[in-house]
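# Observations on chain architecture
Listed below are the residues making up each chain.
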Amino acid sequence: MIKRIKRVRSNRKAKSESKSMTPAPARRFRLFGQPQVLEGEDAAAYEELLARISAAVKPADIIDEMFIADVVSSEWEVLRWRRLNVSLIRAFALKELETFLVKQFESNYALHAKHFKSYLAKILQNNLPEDQADSAEMLAAECAPPTDEADAKLDEVLRSIGLDAGTVLDDARAQKAKELLQEYGRREPETVRLIGELLTAAGASMDSFMADALTEQLEYIERIDRLTTIAEDRRNGMLAEIERRRAVFGATLRRNVQEIEDAEFKVIETTPAKGKNGP
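Residues numbered from 1 in each chain as written. Predicted model: local features only at pLDDT ≥ 70, side-chain atom pairs only at ≥ 80, totals over all residues. Heavy atoms only, no water.

On to the pattern of salt bridges. Pairing is possible between side chains of opposite charge, provided their charged atoms come close. Applying the stated criterion across every chain yields a total of 18 salt bridges. Between Asp-64 and Arg-246 there is a salt bridge; the shortest N-O distance is 2.9 Å. Taken together, the residues Asp-64 in helix H4 (residues 62-107) and Arg-246 in helix H12 (residues 218-270) connect sequence positions 182 residues apart. For Asp-64, a relative accessible area of 1% translates into the label buried. Relative accessible area serves as the criterion here: at 31%, Arg-246 is assigned to the partly exposed category. The partner of Glu-75 in a salt bridge is Arg-235, with the nearest N and O atoms 2.7 Å apart. Of this pair, Glu-75 sits in helix H4 while Arg-235 sits in helix H12, and the two are 160 residues apart along the sequence. For the pair Glu-75 and Arg-235, a shared accessibility class is recorded, and that class is buried. Three or more residues joined by partner-sharing salt bridges are found here, namely Asp-61, Asp-64, Arg-245 and Arg-246. (Salt bridge = Lys/Arg side-chain N within 4 Å of Asp/Glu carboxyl O. Helix = DSSP H or I, 4+ residues; strand = E, 2+ residues; numbered from the N terminus. Buried < 20%, exposed > 50% of the residue type's maximum accessible area, 1.4 Å probe, protein only.)

Structural data, given as structure tokens:
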């Protein structure tokens, strides 16, 4: 009888495993809707998280799958809040770096001289009369050098087209700083080296910018931390419920098996063996 019970349990397990051959992500999406992925987030990463958690939990029925869906959603939310925290600090630090670069350009014209010449040439080409547009690059070259004569000519040329030299310089520096930030974000070696040298020479560092970001954005960071904690508690609650449900199911199964075995033994004990106590 015990062997028969084991075979039944084995057959049930095999049927359960065969039913679970359908990929977990596909089953989840069909039953519970599309994944909770925002614009810009990696849907493939969400699917991988779902598949890995499903493989670890090995859902036995729809109730388990409901819990898994909640666990995955909560874990994804935890990861989202953590990414947001990092992104917030990094964005502020980069903003500080941008301001730092603009100040460097203000004190050292050579750092953006080539860029300013190109920037000025485009402005002149777009604003000068057609008969003078062809000479925009040559005129920019005459106005770009940091000399009193060139400065006077720059003021004169820009005033003639309704622009202010100071504003044009500020815009050129800001544009150059943004370009360097983009290159720095792509980790282009030359830009990384240049910014590193500028920071070192000024006694600054990205760490100091990060520290400033923490100070300036502390209120928002604390709010995000609270939201992260709420999501973590929700996830942990779902995991605990899965464990509790598995424990209850296991205890119930063991009790039922024991009752079956006890009943079988009682039948055996109360049934007289052939050949004994016969007439």
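Moving on to the nonpolar core. Grouped together as the largest cluster of nonpolar side chains are 21 residues, with contacts concentrated most on Phe-116, Leu-120, Leu-124, Leu-154 and Leu-158. Listed by contribution, the elements that provide at least two residues to this core are helix H5 (113-127), helix H7 (136-143), helix H8 (148-160) and helix H9 (165-185). Considering every element that reaches this core, the biggest residue donor is H5, with 6 residues. Contacts of Leu-154, omitting those with residues within four sequence positions, involve Phe-116, Leu-120, Cys-143 and Ala-165. Core analysis: the next-biggest nonpolar cluster, separate from the first, contains 16 residues, Leu-97, Leu-101, Val-102 and Ile-195 among them. (Core = buried A, V, L, I, M, F, W, Y, C linked by side-chain atoms within 4.5 Å. Contact = heavy atoms within 4.5 Å.)

Looking now at the side chain of Asn-85. Tracing the chain through its elements places Asn-85 in helix H4. Since its relative accessible area comes to 11%, Asn-85 is described here as buried.

The terminal C-alpha atoms of helix H10 (residues 189-202), which comprises 14 residues, lie 20 Å apart, in line with the 20 Å expected from a rise of 1.5 Å per residue. Among the residues making up H10, those that are buried are Thr-191, Ile-195, Leu-198 and Leu-199. On an axial view of H10, the arc spanned by its buried residues comes to 95°, and they lie on one face. In H10, the exposed positions that point more than 90 degrees away from the buried face belong to Pro-189, Glu-190, Thr-200 and Ala-201. Next to the buried residues of H10 lie H4, H9 and helix H11 (206-216). Gly-203 sits one or two residues past H10 and shows a positive phi near 70°. (Expected span 1.5 Å × (residues − 1). Arc of directions from axis to C-beta.)

Right, let's get into the environment of Leu-158. Of note, Leu-158 is situated in helix H8. With 31 residues separating them in the primary sequence, Leu-158 and Asn-127 have C-alpha atoms 9.4 Å apart. Ignoring anything within four residues of it in the chain, the contact list for Leu-158 reads Leu-120, Leu-124, Leu-163, Asp-164, Ala-165 and Val-168.

On the surface, a nonpolar cluster with roughly 240 Å² of combined accessible area is contributed by Ile-62, Ile-63 and Met-66. With respect to the element layout, Ile-62 can be found in helix H4. (Patch = residues over 30% accessible without salt bridge, like charges linked within 9 Å, V, L, I, M, F, W, Y side chains within 5 Å. Areas by Shrake-Rupley, 256 points an atom, 1.4 Å probe, with all protein chains shown as cover.)

Let's shift gears to the side chain of Ser-74. Here Ser-74 lies in helix H4. With relative accessibility at 2%, the residue Ser-74 sits in the buried group. Leave out the neighbours within four places in its chain, and Ser-74 touches Ala-231, Arg-234 and Arg-235.

So, about the packing of H4 against H9. Two elements in contact, H4 and H9, have axes separated by 9 Å at closest approach and are oriented at 135°. Comparing their axes, H9 and H4 come out oblique. Every pair of crossing elements has a handedness; the one defined by H4 and H9 is right-handed. In this structure, H4 contributes Arg-90, Leu-94, Leu-97, Glu-98, Leu-101, Val-102, Phe-105 and Glu-106 to the contact, and H9 contributes Arg-173, Ala-174, Lys-176, Ala-177, Lys-178, Leu-180, Leu-181, Tyr-184 and Gly-185. (Axes fitted to C-alpha atoms, helices over the stretch in contact; angles between N-to-C directions. Parallel < 35°, antiparallel > 145°, perpendicular 65-115°, else oblique. Left-handed = near helix turned anticlockwise from the far one by under 90°.)

This part is about the confidence of the model for the protein chain. Per-residue pLDDT for the protein chain averages 81, and the proportion of residues at 70 or more is 79%. When mean pLDDT is taken per element in the protein chain, H10 scores highest with 94 and helix H1 (residues 2-19) scores lowest with 47. Counted against residues more than four places away or in other chains, residues 1-6, with its pLDDT under 50, gives 7 contacts. This stretch, residues 13-26, has a pLDDT under 50; its non-local contacts, to residues over four places away or in other chains, come to 8 contacts. (pLDDT = per-residue confidence, 0-100.)

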